[in-house]
Amino acid sequence: MAIRRGRGVAAINYPTGMNLGGDPTQALVHSTPTGNFMVTLSSVDLGQGMKQIMAQICAETIGVPTDRVVVDTADTDTGPHCMGTFASRGTHRAGNAVIQAAREARQVMLEVAAEELEVNASDLETDGQGNILVKGAPQKSISIFDVALSAHFKRGRSISGRGMFLIPRSYPEKETGAMKPSTCYAHACTVAEVEVDDETGEVTVLTVRNVFEIGRALNPKMVEQQLVGGSWMGISHALYETTEPYYPNRDHGGTDFNQYLMPGPGDLAQTEIIVLERPSADGPYGAKGPGEMCANPQIPAMANAVFDAVGVRIDTLPITPERILRALKAQAPN
Amino acid sequence: MELRKNYFADQRKDDLHEIGQPRPRSDSPGHVTGKTAYFADRNFPGMLHLKMVRSPHHHARIRSINTSEAEKHPGVVKILTAKDVPHNVYTILILIQIGPEDETVLADGKVRWKGEAVVAVLAETERAAQEAAAKVKVDYEVLPAVFDMEEALKPGAPVVNEYHGQNYYLYDSGECRKVRFGDVEAGFAGADHILEQTYQSSPIEHAPTETTGCVVVPEGNDRFTCYTNTQAMFFTLDNASIILQMPGSKLHFVGGTVGGGFGGKVDVIVEPIAILGAKLTGRPVSFIYSREEEMQISSPRAAEKVVIKDGVMKDGRIVARKVTGYTDAGAYSRHSPYGAQKGAGHYPGPYTIPNVWIDTYCVYTNRTPSSAMRGFGVTIGDFALEVQMDKLARLIGMDPLEFRFINAYRDGDMKAHRQPTEGAALIECMQEASRAANWPVAEKYLAMSSYTKGA
C-alpha cells in the first residue's frame, strides 16, 4: 500500500453563444448633462463582473475613463432585450451591442465638439482622459464635460446610441447535422498532478496547470478570478459533486453543504493560469466566452492522472475513493 | 496568472486604453461589505410567503387533493392548485418554438418526479406556510417509475411524460440529433485499432450562494413588479406572460444582481406562481427556495452517458469516431433538448477526423428535471472525449500530448457539422502546456501552428 503519483493532460475547445436558438442582445448608451455615460441593458450580472466589463467596453469605445461610465441593469422597463446570461454569451453578445451603441453616441459627441471647435468631426480624437482634441493640434481641445453641456443646453443634441447584436438562428440539417452552433471557440489545455492513496482511494490534487486561450483578456484581473474559480470547479466536478451519489438510484441525495460534497480550501490544488490571446473575428475587442470552458479540462486531466498513478480507469463521475478502491480490487490478481 | 503575449502577437494591436487594464470592479466593495442589494433584501409591508406541497413519489396518479385543514391553519391566506393557473401546461423553450408543452406549474392529475410542485400555500409567515403545507392531504396512486436511461428507452417501459408519448425527445431528425460526416464504417474497416468505451456521469448541483427566488409586488397601476435573480430577464418575463395569460406590459422585472447562477437560474419556476399569488391576494409575495429545494428540486446538470467508438492508426491518426450521447432530462424537457443538440454540434471535439457519426438523445426518466449548467451539453462530453484520447494514445504506445498534436484541428479544417475551423488555438495551448508543465514533446510539435496545415 502506497501513495502513488500521476499526471494527466486534457485539451478542449468551447463554443461561444447559443446560435441554435437565435442569439440577440441590445444596448442603449446616453450621456448625462455633465458628460458621464449610462449603459442601459437587461443583461444579468451573475457575480462574474458583467457590469464592470460593459463599463470598460463602453469607455474604450467612447474614449473616456471607465469611471465615467455607469451600467444600469437589469430592468425590463428601461433596459432593451437581452437573451440572458448563459452559454458563455454575456461579454461577447452584450459587449458587441455596447460597442455599437457607444460608437453611435461617440459620433454625436464628436459632432457637437466639432461645432464648438469649428472643425470637422473627422479631425477630432479623444485622449482617453475626458477630452476631445484636434488631431495634430492637441492644444485645440474641449472637455467632454463641456461638450455634454453644449449638447444638452445649447445645441439640442442627444449624445446617445443604440446597439444591437444578433446571431441569427442556425437550424441543424436533419440528415447530416450541418449547423453553425457557435461563432467562435475558446481553447484550453490542462495538466494535472495527483497523488492517490491506493489503500483508501483518496485523491489529493497537487497541481493544476491550465493554459486558456480566450480571445482577449478585457480585464486581466477579472479573467484571472473567473479562470481560477473555474479550475476549482473542475476539481470539484471530477472528484466530489453529485446530487445522486448512487445514480440512477435516487437515494442519498445531499440536501445541504454538509451532505453535498465539495472541496474545501484545503482540498484545492496549487493552480496555475496562463492566458493566450487570439482575438476572435467577431468578438468585442476580440474577446471570446471563457466562462464555461474554464471548468472543463480539469475533469478529464484528473481522470487521466488517476490512471497514471494507480493504473485503473474510472469512467464514471465523480471519481470517488469508493470507485477507485472497487476498481483496484477488480484489477488485483486473486 | 500570466499573459503570454508571444503567441498570436501578429493578430493583436495593443493600442487600447481601458480594455486590457485590470480595473477594480466597481461592485466589489458592495459585495464584500454586504451593501449590495439582492432581490431578497427587499421587504414589503404585508408580504406573504409561498411554500410548495411537493410529491413524495417518483411517479403517481393524484386521486384527490384536500386543502380544507390547511386553509384553517392560522396565517394562511390563499392556497393554489392546478385549476388556478391560467395556462398550467408549459415549456420554456416554446419561445423559440421547441415544444411540445410538457410540464405543469402545479401538478394536474399526475406527478412525474419526487419533489414535483402540487399545491402552493401562501401565508403571513414562512413558518405558517410550511406548517399549512404539511396539512394538505393528497391521495396518490403510486405508478411504476423508471430511473435508468437504458430501461426508459426499452419497449414497454413506463411512459414518463404523456406529452411526448415516448421516453425520448423527438427531433425533426427523429429520435436523436444526428451528425453524419464521411463514412464512419469505412473508417473503422481501415483502422489499425478500434476502441469502444462508455462514460457516465450523475447529476450535479449548481450550488450558488444565493438560492433561486423572487419577490413580487402588485403595483397601484395594475402592474406587477417582480424582483428576481433569474439569469434571463425577458425570457422569464415572456414565459410568465404565457403561463399567466397576462400581457407582458403588465409585468415589470427587476434583477441583474445575482449571487451565482451557473445555469441554475434559467428555468422559469418561481416567478409565474409568485406573480399569480400576488394577483389573487393583492399582496406582495416572496417565494425563495430553501437550500434543500435548491439541491434536490431545482434542475441539476443532467446525468449523461457517452459511448465513443474510435478507429485509430498506428501513426496516431484518428480515422473514424462514432459517438452516442444520452442526456437524462428527468421528467420534463426544460432546456435539455437544446443541451443534447448542443452536444451533437460539439463532438467529435477539437480534432480533425475524416469520418464521424454522432447521435445524441434527450431521454425522459422519473427524476428531478435537469437543465442548463455551466458547460451545458459539453462538459461531460469533454470528460469522455479526453479520457478516450488518453486511452487511444496508450493503446498505440504514443505520448498522450503528442497524440493530440497529430489530431488537433487547425484553421480551414472542416468540422463534422460542416463549418470550417476559424481562429483555432488548440495547438498553441498544448505547446504552452508542454512548456509550463515540463511535459516534453518532439520538436516538430513545437513547430506546428494553428494557422496552417503541414509541419
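Residues numbered from 1 in each chain as written. Chains lettered and ligands numbered in written order. Predicted model: local features only at pLDDT ≥ 70, side-chain atom pairs only at ≥ 80, totals over all residues.

Participant: Can you tell me about unusual backbone geometry, naming the residues and giving the values?
Facilitator: The residue after Leu317(A), namely Pro318(A), is reached through a cis peptide bond having omega -10°. Counting through the fold element by element, Pro318(A) comes out in the loop between helix 5 (298-310) and helix 6 (321-331). Note that the residue after Tyr347(B), namely Pro348(B), is joined by a cis bond; omega there is 5°. Position of Pro348(B) relative to the elements: it lies in the loop between helix 9 (336-346) and strand 18 (356-364). Notably, Phe8(B) is not glycine yet its phi reads approximately 55°, a positive angle. (Helix = DSSP H or I, 4+ residues; strand = E, 2+ residues; numbered from the N terminus.)

Participant: With reference to specific residues and values, describe the domain arrangement of chain B.
Facilitator: Residues and elements named next belong to chain B. The domains assigned to chain B are domain 1 (48-143 + 207-296) and domain 2 (177-204 + 300-393). Centre-to-centre, using C-alpha coordinates, domain 1 lies 35 Å away from domain 2. Taken together, the 17 residues of domain 1 in the interface contact 17 residues of domain 2. Considering only residue class, the side of domain 1 that touches domain 2 consists of six nonpolar, seven polar and four charged. (Domains from an automatic or database assignment. Contact = placed C-beta atoms within 7 Å. Nonpolar A, V, L, I, M, F, W, Y, C, P; charged D, E, K, R; others polar.)

Participant: Lay out the environment of Arg418(B) with the relevant residues and their values.
Facilitator: Considering the arrangement of structural elements, one finds Arg418(B) in the loop between helix 11 (400-407) and helix 12 (426-436). What makes Arg418(B) partly exposed here is the crowd of 15 C-beta atoms within 10 Å. Sequence-wise, Arg418(B) and Lys279(B) are 139 residues apart; in three dimensions their C-alpha atoms are separated by 50 Å. Ignoring any residue separated from it by four or fewer positions in sequence, one finds Arg418(B) in contact with Thr176(A) and Ala178(A). (Buried ≥ 20, exposed ≤ 12 C-beta atoms within 10 Å, placed from the backbone.)

Participant: Account for the pairing of strand 16 (residues 304-312) of chain B, with residues named and values stated.
Facilitator: All names here are of chain B. Most of strand 16 is tucked away: seven of the nine residues are buried. With nine bridges connecting them, strand 16 and strand 17 (residues 318-330) associate as antiparallel partners. Across the sheet, the residue bridging to Glu304 is Thr327, located in strand 17. Counted along the chain from strand 16 to the antiparallel partner strand 17, the turn is five residues long, and its residue Gly316 has a positive phi close to 105°. (Pairing = 2+ DSSP bridges.)

Participant: Give me the domain arrangement of chain A: which residues, what numbers.
Facilitator: Residues and elements named next belong to chain A. Per the domain assignment, the segments of chain A are domain 1 (3-16 + 182-331) and domain 2 (19-167). Taking the mean C-alpha position of each, domain 1 and domain 2 sit 38 Å from one another. On the side of domain 2, 16 residues touch domain 1, which itself brings 18 residues to the contact. Class assignment for the residues of the side of domain 1 that touches domain 2 results in eight nonpolar, eight polar and two charged.

Participant: Can you explain the interface of chain A and chain B? Please cite residues and give values.
Facilitator: Across the boundary between the two partners, chain A contributes 99 residues, which contact 102 residues of chain B. Taken together, the elements giving at least two residues each to the side of chain A that touches chain B come down to strand 1 (3-15), helix 1 (50-62), strand 9 (185-197), strand 10 (203-213), helix 4 (220-239), strand 11 (270-276) and helix 5 of chain A. Residues belonging to the side of chain A that touches chain B are distributed by class as follows: 47 nonpolar, 31 polar and 21 charged. In this structure, strand 11 of chain A lies alongside strand 1 (residues 2-3) of chain B, joined through two bridges in parallel fashion. Residue Val275(A) lies in a different strand from strand 1 of chain B, and its bridge partner there is Leu3(B).

Participant: Can you explain the sheet that holds strand 9 of chain A? Please cite residues and give values.
Facilitator: Pairing in this open sheet of five strands is mixed, and the strands run 1(A)-9(A)-10(A)-11(A)-1(B) from one edge to the other. Whereas interior strands pair on both sides, the edge strands pair on one side only; in this sheet they are strand 1 of chain A together with strand 1 of chain B.

Participant: Run through the packing of helix 4 of chain A against helix 5 of chain A, naming residues and quoting values.
Facilitator: All names here are of chain A. Axis separation between helix 4 and helix 5 bottoms out at 8 Å; the angle between their running directions is 50°. Here helix 4 lies oblique to helix 5, going by the angle between them. Crossing angle aside, the handedness with which helix 4 passes helix 5 is right-handed. Here Ser231, Gly234, Ile235, His237, Ala238 and Leu239 of helix 4 lie close against helix 5, whose contacting residues are Gln298, Ile299, Met302 and Ala303. A per-class count over the contact of helix 4 with helix 5 returns six nonpolar, four polar and no charged. (Axes fitted to C-alpha atoms, helices over the stretch in contact; angles between N-to-C directions. Parallel < 35°, antiparallel > 145°, perpendicular 65-115°, else oblique. Left-handed = near helix turned anticlockwise from the far one by under 90°.)

Participant: Give a detailed account of the nonpolar core, specifying residues and quantitative values.
Facilitator: In this structure, Val39(A), Met54(A), Cys58(A), Val98(A), Met302(A), Val306(A) and Val121(B) are the most contacted members of the largest nonpolar core, which totals 239 residues. It is helix 2 (residues 90-117) of chain A that provides the largest number of residues to this core, a total of 12 residues. Those residues in contact with Met54(A), other than ones at most four positions away along the chain, are Val39(A), Leu41(A), Val71(A), Ala94(A), Gly95(A) and Val98(A). (Core = buried A, V, L, I, M, F, W, Y, C linked by C-beta atoms within 7 Å.)

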